[in-house]
Amino acid sequence: MKKVKVGIVGLGRLGCQHAENIAFRIPNCELTAVCSVVEDEVKEVQEKWGIPYSYTNYDEMLKNKELDAIFIASPSGFHCEQITKALQAGFHVFSEKPLGLYLEEALEVQKVVDAHLDKVFMLGFMRRYDKSYAAAKQKIDNGDIGDPILIRCYGLDPASQMDNFLKFAKANYSGGLFLDMSIHDLDLARWYMATEAQEVWAIGGGYARPEFEEIQDAETGVAMVRFENNAIGIFVAGRNCAHGYHIETEIIGTKGSIRIGTLPERNQIVLLQENGAVKECYDGFLERFEQAYLSEVEEFINCILEKRKPAVTVQDGVESTKLGYACKKSFETRQLVNLQDEQLVTN
Ligand SMILES: NC(=O)c1ccc[n+]([C@@H]2O[C@H](COP(=O)([O-])OP(=O)(O)OC[C@H]3O[C@@H](n4cnc5c(N)ncnc54)[C@H](O)[C@@H]3O)[C@@H](O)[C@H]2O)c1
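Residues take numbers from 1 onward in each chain, read along the sequence in its written order. pLDDT decides what is reported in this predicted model: residues at 70 or higher carry local features, side-chain atom pairs at 80 or more are listed and counted, and totals for whole chains, interfaces and linings draw on all residues regardless. Heavy atoms throughout the structure, all of them, feed into the side-chain values; hydrogens and water do not.

As recorded in an unreviewed UniProt entry, the protein chain goes by the name Gfo/Idh/MocA family oxidoreductase, listed as coming from Metabacillus arenae. A UniProt comment under Sequence similarities (unreviewed entry) is attached to the protein chain, and it reads "Belongs to the Gfo/Idh/MocA family." UniProt positions are given in the numbering used here, feature names are shortened, and annotations may be inferred rather than shown by experiment.

Structure below.
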């Protein structure tokens, strides 16, 4: 079988992990090119893993006709432009979340994806490929909890990462707490509840670190969403989690409920000593979603080889960006935001 040749842009925290997975752990593909604006980063990865091509200019990488697919793991503000250029240059495209930071640019990308239907486009909503989240979806669809009426999500990054985040917050603009952190939960809510959001109210602040307010962002926040079918969503997000990386989801239905990740336990060990019974927690997304990051890329490669489309669509990207941006707008304006509001389209 012909191997899919991949070029990746962005070699940071997640990009390096994706690059390593593509190079060594995913069947039927090879990492043929790496690209980042930081030359040392590119050279280090190229030499370490013997990658044939390296670039510090994305447009140059797109001229490489040996490549079949482009993998985008650059900061969120570049996704729309890089997706558009890659599709127009004739490549299959995987992009990290979010699709865009504004609804306007997400809608433009949707047009480009729709104009290149012979190409596979996939967005990195990897939680849908996590075994526990996928099993929960099956149980909901089986009717095991009746009609889902409320989803409660916690998406918390470790406090140990906060200094680093603040240092690069301006340069690597992430879209703010809700578009950056809650976006996975917002996507899961749409997926599980099979409905779209109608209105949003979001609040938050810089409680432990007031510097977040200086950059018009929140360190800890919550968004409450009413969906079109009257279901409820409660989305807690934060960057100050003392015990590590805490991703927890509860879906309450008319006949039961499902909880995923109630305790972010790293393993089965309980350490019993003078502090009592201690359980270690996950320290970051790479550890918690190791399997999901592999499974989503495997699916992308298989879709290319089998000429089929992934279940995660560009429409999922547009709707989640719309909802994430509505949360951000509600947080900034301190107003209830209606998703039908036409002003959401412009930034
Ligand atoms: N799916 C998830 O769970 C998950 C987790 C973390 C990050 N992400 C997403 O992945 C993306 C990258 O996040 P990260 O934490 O790895 O970021 P990072 O800051 O650690 O790395 C960004 C990389 O992109 C490079 N870069 C910056 N500007 C560039 C440009 N114009 N062209 C080419 N390369 C450029 C940087 O040199 C660096 O290699 C973000 O969009 C983020 O939202 C997703």
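This is not the end of the story, as more comes after the structure.
Focus on a negative patch on the surface
Excluding any residue in a salt bridge, patches collect residues exceeding 30% relative accessible area, merging like charges within 9 Å and nonpolar Val, Leu, Ile, Met, Phe, Trp and Tyr side chains within 5 Å. For accessible areas, the Shrake-Rupley method is used with a probe of radius 1.4 Å. Any residue's cover is judged against the shown protein chains and nothing else. Between Lys or Arg on one side and Asp or Glu on the other, a salt bridge is scored when a side-chain nitrogen of the former is within 4 Å of a carboxyl oxygen of the latter. Positive residues here are Lys and Arg, negative ones are Asp and Glu, while His and the chain termini are left out of the count. Charge positions are represented by NZ for Lys, CZ for Arg, CG for Asp and CD for Glu. Taken together, E39, D40, E44 and E47 make up a surface patch of like negative charges. Here E44 is to be found in helix 2 (residues 39–49). Secondary structure elements are defined from DSSP: runs of H or I of at least 4 residues count as helices, runs of E of at least 2 residues count as strands, and each element is numbered from the N terminus.

Here's the deal with the environment of P75
Looking at the element boundaries, P75 is found in the loop between strand 4 (69–72) and helix 4 (79–88). For the pair P75 and G284, spaced 209 residues apart in sequence, the C-alpha to C-alpha distance is 18 Å.

Description of the sheet that holds strand 7 (residues 148–158)
One open sheet accounts for seven strands, arranged 12-11-7-10-9-8-15; its pairing is mixed. On the outer flanks of this sheet lie strand 12 (257–260) and strand 15 (337–338), each paired with one strand and no other. We call two residues in contact when some of their heavy atoms are within 4.5 Å. Structural elements are reduced to axes, namely lines fitted to C-alpha atoms, with helices fitted over the stretch in contact, and the angle between N-to-C directions of any two is expressed from 0 to 180 degrees. Each of strand 7, strand 8 (197–205), strand 9 (220–227), strand 10 (232–241), strand 11 (246–253) and strand 12 is contacted by helix 8 (residues 177–193), which is oriented at about 150 degrees to strand 7, the strand it contacts most. Strands strand 8, strand 9 and strand 15 of the sheet are contacted by helix 12 (residues 314–333), whose axis makes an angle of about 50 degrees with strand 8. For two strands to count as paired, DSSP must find a minimum of two bridges between them.

Some points on the UniProt feature "domain: GFO/IDH/MocA-like oxidoreductase" (unreviewed entry) in the protein chain
UniProt tags residues 133–259 as "domain: GFO/IDH/MocA-like oxidoreductase" (unreviewed entry). Spanning residues 133–259, this segment combines 30% helix with 39% strand, and its end C-alpha atoms are found 10 Å apart.

Describing the packing of aromatic side chains
The geometry of an aromatic ring pair is captured by two quantities: the separation of the ring centres and the angle between the planes. In this scheme Phe, Tyr and Trp rings, the latter by its six-membered ring, pair at centre separations within 6.5 Å, and the angle between planes marks the pair as stacked below 30 degrees, edge-to-face above 60, and tilted otherwise. Using the criterion set out here, one finds 12 aromatic pairs in the structure. Their ring planes at 85 degrees and their centres at 5.7 Å tell us that F24 and W49 sit as a pair that is edge-to-face. With F24 in helix 1 (residues 13–24) and W49 in helix 2, the pair connects residues that are 25 residues apart, well separated along the chain. Residue W49 is classed as buried on the basis of its relative accessible area of 18%. Through a chain of ring-to-ring contacts, three or more aromatic side chains come together here, namely Y133, Y245, F285, F289 and Y293. Here, a charge over a ring is recorded when the distance from Lys NZ or Arg CZ to the ring centre is within 6 Å and its angle to the ring normal is within 35 degrees. Seen from the ring of Y154, R152 lies directly overhead, with NZ or CZ sitting 5.1 Å from the centre. Over the aromatic face of F165 sits the side chain of R239, whose NZ or CZ is 3.7 Å from the ring centroid. When a residue's accessible area, from a 1.4 Å probe over protein chains only, is under 20% of the maximum for its type it is buried; when over 50% it is exposed; and in between it is partly exposed.

Topic: the packing of helix 8 against helix 12
The description of two helices packed together rests on the angle between their axes and the distance between the axes. The interhelical angle for the contact between helix 8 and helix 12, taken along N-to-C directions, is 125 degrees, at an axis separation of 9 Å. Considered as vectors, helix 8 and helix 12 are oriented oblique to each other. Between helix 8 and helix 12 lies a crossing whose hand is right-handed. Counted together, F178, L179, I183, L186, D187 and R190 of helix 8 and Q315, D316, E319, S320, T321, L323, G324, Y325, C327, K328 and F331 of helix 12 form the full contact between these two elements. In the contact of helix 8 with helix 12, the residues fall into eight nonpolar, four polar and five charged. When describing relative orientation, an angle under 35 degrees is termed roughly parallel and one over 145 degrees roughly antiparallel, while 65 to 115 degrees is termed roughly perpendicular and anything else oblique. Crossing handedness follows the turn of the near helix against the far one: under a right angle anticlockwise gives a left-handed crossing, and clockwise gives a right-handed one. Just so you know the grouping, Ala, Val, Leu, Ile, Met, Phe, Trp, Tyr, Cys and Pro go in nonpolar, Asp, Glu, Lys and Arg go in charged, and all remaining residues, Gly too, go in polar.

Comments concerning the environment of S54
Inspection of the secondary structure puts S54 in strand 3 (residues 53–55). With 210 residues separating them along the chain, S54 and P264 place their C-alpha atoms 38 Å apart. The residues contacting S54, other than those within four sequence positions of it, are V34, V42, K43 and Q46. Pairing of N or O atoms within 3.5 Å defines a polar contact, subject to two protein rules: one partner must be a possible hydrogen donor and the other a possible acceptor, and residues neighboring in sequence count only if both atoms are side-chain atoms. A polar atom in the side chain of S54 sits 3.3 Å from the side chain of K43.

A short note on the domain arrangement of the protein chain
Each domain's extent was defined by an automatic or database domain assignment. Taken as a whole, the protein chain is organised into domain 1 (4–124) and domain 2 (128–292 + 320–345). For domain 1 and domain 2, the distance between their C-alpha centroids amounts to 26 Å. In this assembly, 18 residues from domain 1 lie in contact with 17 residues from domain 2. Here's the idea: put two parts together, see how much 1.4 Å probe accessible area each one loses, and the total over both is what we call buried area. A combined buried area of about 1500 Å² lies between domain 1 and domain 2, and 65% of that area is made up of carbon and sulfur atoms. Across the contact surface, domain 1 and domain 2 share one salt bridge. Among the salt bridges present, the one from K97 reaches D180, with a minimum N-O distance of 3.1 Å.

Section: helix 6 (residues 131–142)
For helix 6, built from 12 residues, the straight-helix expectation of 16 Å at 1.5 Å per residue is met to within 8% by its first-to-last C-alpha distance of 16 Å. Along helix 6, the positions that sit buried rather than exposed are Y133, A136, K137 and I140. Buried residues of helix 6, viewed axially, fall in a sector of 105 degrees; they line one side. Among the exposed residues of helix 6, those oriented more than 90 degrees off its buried face are K131, Q138 and N142. Expected span of a helix: the number of residues minus one, times 1.5 Å. The arc in question is the one spanned by the directions pointing from the helix axis to the C-beta atoms.

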